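Each chain, written out:
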Amino acid sequence: MTEVMTTEPKTTPMPSAEPQPAVAPAPEQARRVGPPPPGELPALFIDHATKRFVVGRKKKPVMAVNDVSMSIRKGEIYGVLGANGSGKSTLIRLVSTLLTIDRGRIEVFGHDVTKDEMAVKRLINRVSVDAAFFKKLSPHENLAYAARLYGMDAKVARAEAVSILARLGVGEKRLGRPVEQMSRGMQQKVAIARALLTSPVVLLLDEPTTGLDPRSKLDVQTFIEEVRDTHDATILLTTHDLAEAERLCDRIALINDGRLVAEGTPAELTEMVARDYGKEPTLESVFMTFTGKSLDDDIDEESSSEDDE
Ligand SMILES: Nc1ncnc2c1ncn2[C@@H]1O[C@H](COP(=O)(O)OP(=O)(O)O)[C@@H](O)[C@H]1O
Ligand SMILES: [Mg+2]
């Protein structure tokens, strides 16, 4: 969808003698940042979702997702920011029907993930941190395979994939070599394009840039912004990268040990802690304030599941 259009009449009558601001309001429609207003069906509605893992008889169960609620508006990029082991992937798996919820409710455009699994599956697609490919095969062959799985005609799918990738700045001649010869960043882009083959209205990106070198990371982030602008998708993205959350996300939820501890636009989040903070807070100080940890702390998942609370 092209956003910036200068087709508006340039000569709006200005009867007022008041000096007008030098910068006119942007002509493009403002992006609709949630929460959804009353009466609007959320793209994704998560209501007190809870998922517990029982890992052994002696061990305490892990509350991977603990009473999490969020309501995401169509068109938003919504970020879930949390340290390793905080429950991000579990939340994504619950939404994508790969795991069943223990308590609470999740709906994708009004379809319940438990009662209406097939409808939900048609509306979503997920890209996990390590996108799986047949590495000896080319992106074209991988995409053709995916198309078969999705029940698409191979030729149609190929044309669609080429056009998606072209729109997103990846030329066709890069798609003929084995995946294993491509950079991880490029692989991740192909994975996202593959997920777009089904025209999902909700795209779930689980740590799409984790493990990428800085250059690839920036490329993939730009790619995600382009997906947002060209595919009219709603994106739920997890990350443990503050800068990424700040750059890409309209709103961010901070999660800590399975619980949602704060939610808002990047500006709202920094404002929340500004009072308690002498200098201008960063998203990092916000995260520290709400979780008591730094995102750089690498959590030992084994021990953290045993000795909390
Ligand atoms: N299939 C599983 N079985 C048991 N424990 C799990 C399973 N999946 C995740 N966990 C535990 O749930 C917690 C959250 O994990 P996860 O959702 O993968 O976190 P993140 O994606 O934020 O790193 C961790 O303590 C993890 O060990
Ligand atoms: Mg994860």
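First things first, this report covers the structure right here in the doc.

Calculation rules
- Residues numbered from 1 in each chain as written.
- Chains lettered and ligands numbered in written order.
- Predicted model: local features only at pLDDT ≥ 70, side-chain atom pairs only at ≥ 80, totals over all residues.
- Near = placed C-beta within 6 Å.
- Helix = DSSP H or I, 4+ residues; strand = E, 2+ residues; numbered from the N terminus.
- Nonpolar A, V, L, I, M, F, W, Y, C, P; charged D, E, K, R; others polar.
- Expected span 1.5 Å × (residues − 1).
- Buried ≥ 20, exposed ≤ 12 C-beta atoms within 10 Å, placed from the backbone.
- Contact = placed C-beta atoms within 7 Å.
- Pairing = 2+ DSSP bridges.
- Axes fitted to C-alpha atoms, helices over the stretch in contact; angles between N-to-C directions.

Right, let's talk about the site of ligand 1 for a bit. Around ligand 1 there are 14 residues in total, and F53, A64, K88, S89 and T90 lie nearest to it. Broken down by secondary-structure element, the contributors of at least two residues to the shell around ligand 1 are β2 (62–72), α1 (88–95) and α10 (301–307). For the shell around ligand 1, the element with the most residues is α1, which contributes three residues. Of the residues belonging to the shell around ligand 1, the class tally is four nonpolar, eight polar and two charged.

Time to look at helix α6 (residues 214–231). Across its 18 residues, α6 extends 25 Å between first and last C-alpha, which sits within 8% of the 26 Å expected from 1.5 Å per residue. All of the buried residues along α6 are K217, D219, V220, Q221, F223, I224, V227 and R228. Residues of α6 that are buried in the fold lie against β3 (77–82), α5 (184–196), β7 (202–206), β8 (234–239) and α7 (242–248). Positive phi appears at D232, one or two residues downstream of α6, with a value of about 50 degrees.

A separate point is the sheet that holds β2. Pairing within the open sheet is antiparallel, and its four strands lie in the order β2-β1-β4-β5. With one partner strand each, in any of the chains shown, β2 and β5 (111–112) form the two edges of the open sheet. One ladder, built from two bridges, connects strand β4 (residues 103–108) with β5; its direction is antiparallel. Counterpart to V108 in the pairing with β5 is H111. Strands in contact with α1 are β1 (44–53), β2 and β4; relative to β2, the strand with the most contacts, it is inclined by about 60 degrees.

Another aspect to go through is the sheet that holds β7. Strand order across the open sheet formed by six strands is β6-β7-β8-β3-β9-β10, with mixed pairing between neighbours. Every other strand in the sheet has two partners, leaving β6 (124–127) and β10 (259–264) as the edge strands with one partner each. Adjacent strand axes in the sheet meet at a mean angle of 15 degrees when their direction is disregarded. In terms of strand pairing, β3 meets β8 through five bridges, oriented parallel. For Y78, the partnering residue across the bridge sits in β8 and is L236. Its contacts with the sheet put α1 on β3, β6, β7, β8 and β9 (251–256), and the angle it makes with β7 is roughly 155 degrees.

Function-wise, these values are silent; they only describe arrangement.
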